[in-house]
Amino acid sequence: MAETPTSTVSQIVQALAEDVSAGALSAGAHLSAQRLADRFGVSRFPIGQALRVLADHGVVTPAPRRGFFVAREGRQPALMLAGHRQPEGLAAIYFAIAEDRVAGRLPDTMSEAALRERYGVTRGQLSQLLDRIAAEGWAERRAGYGWRFSSVLTTPDALEQTYRLRLAIEPASLLEPSFRLEPSVAAQCRVVEENMLSGGIETASTDALYERGVRYHEAIVGAAGNPFMLEALQRVNRVRRLLVYRSLVDRQRFYRQAREHLAILDLLEAGRQEEASVAMRAHLNEVMQKLSASRPLLETTASSPAEPR
């Protein structure tokens, strides 16, 4: 039987409710349909359906010709929708595929039939999963045969290389002559970080934790007014998602990161951009140094044959 969009919409609703309940999306945050479509690897149609479901539950509010925004009192209904459950359904299968790929249990190329058999999914469900994976940049369709998984994302050095690129972009973006961080954007970033420090770090889903960091750093770089810097950061954020999931096991480090995010905001709001640039470089350097502790999680068994499950 053909797959209906219901499961796709419910997965998006669940993920966004977790983001709101954990504080990764704060009250007043704008929900860009195109950004969400890119994140979940779907068209804007199921995104619109999911946003309407969230609006029906009071999590978001529509604004004519402006889209949807997180409701002022949206966190409580979001908590009820999210329930802080472990990943289930297609989300659980997505993480299983990601885990198998990083651990070296999936070969570089694989047919759709083999993937369906391995993970016990329908053709429609696999299509949804592969659309998301392709949008994140760690797999692509092969001409005439199955899918090819990216090899660069399973190397131990890959995550460190993404941080080196960020070190070249983010501190420099704060020194752009056109840099201007809108007070409303700074306020939204501040609320998210404070929500994280007040308990969101412990309750947030892996997706919500990752998305919170992405939104903060893209907001800062976006304030530079240099579209090339922002585009480069957005691209690297998409492709590093797979490896970052592996490094989210230890949540204690997010308390320090949230405090550093707030300190950078303090400097920017005081007009001290050069000091903020230095603080951003130190922030990213500290994360890179901590990667050595996570390196065993990122090691693969690529030299061994992929094992069937």
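Quick caveat: nothing in here was measured; it's all calculated off a predicted structure.

About the cut-offs
Residues numbered from 1 in each chain as written. Predicted model: local features only at pLDDT ≥ 70, side-chain atom pairs only at ≥ 80, totals over all residues. Heavy atoms only, no water. pLDDT = per-residue confidence, 0-100. Helix = DSSP H or I, 4+ residues; strand = E, 2+ residues; numbered from the N terminus. Contact = heavy atoms within 4.5 Å. Pairing = 2+ DSSP bridges. Salt bridge = Lys/Arg side-chain N within 4 Å of Asp/Glu carboxyl O.

### As for the confidence of the model for the chain
Consideration 1: Put simply, the chain has an average pLDDT of 82, and 84% of its residues get 70 or more.
Consideration 2: When pLDDT is averaged over each element of the chain, helix 12 (residues 253–269) comes out on top at 94 and helix 5 (residues 89–102) at the bottom at 78.
Consideration 3: In this model residues 1–5 is a low-confidence stretch, pLDDT under 50, and it forms 6 contacts with partners more than four residues away in sequence or in other chains.
Consideration 4: Across residues 300–309, confidence stays below pLDDT 50; counting only partners more than four residues off in sequence or on other chains, it has 16 contacts.

### Section: the sheet that holds strand 5 (residues 139–141)
Consideration 1: The 3 strands lie next to each other as 4-6-5, forming an open sheet whose pairing is antiparallel. With partners counted over all chains shown, the strands left at the sheet margins are strand 4 (109–110) and strand 5, one partner each.
Consideration 2: Two strands pair when backbone bridges link them, and strand 5 and strand 6 (residues 147–149) are joined in this way by 3 bridges, in the antiparallel orientation. Bridge pairing in strand 6 links A139 to F149.

### Observations regarding the pattern of salt bridges
Consideration 1: Considering all chains together, one arrives at 15 salt bridges under this definition.
Consideration 2: One salt bridge in this structure joins R35 and E218, with 2.8 Å as the shortest N-O distance. Within this pair, whereas R35 is found in helix 2 (residues 33–40), its partner E218 is found in helix 10 (residues 206–222), the two being separated by 183 residues in sequence.
Consideration 3: Residues participating in the shared-partner salt-bridge network are D19, R35, R39, E211 and E218.

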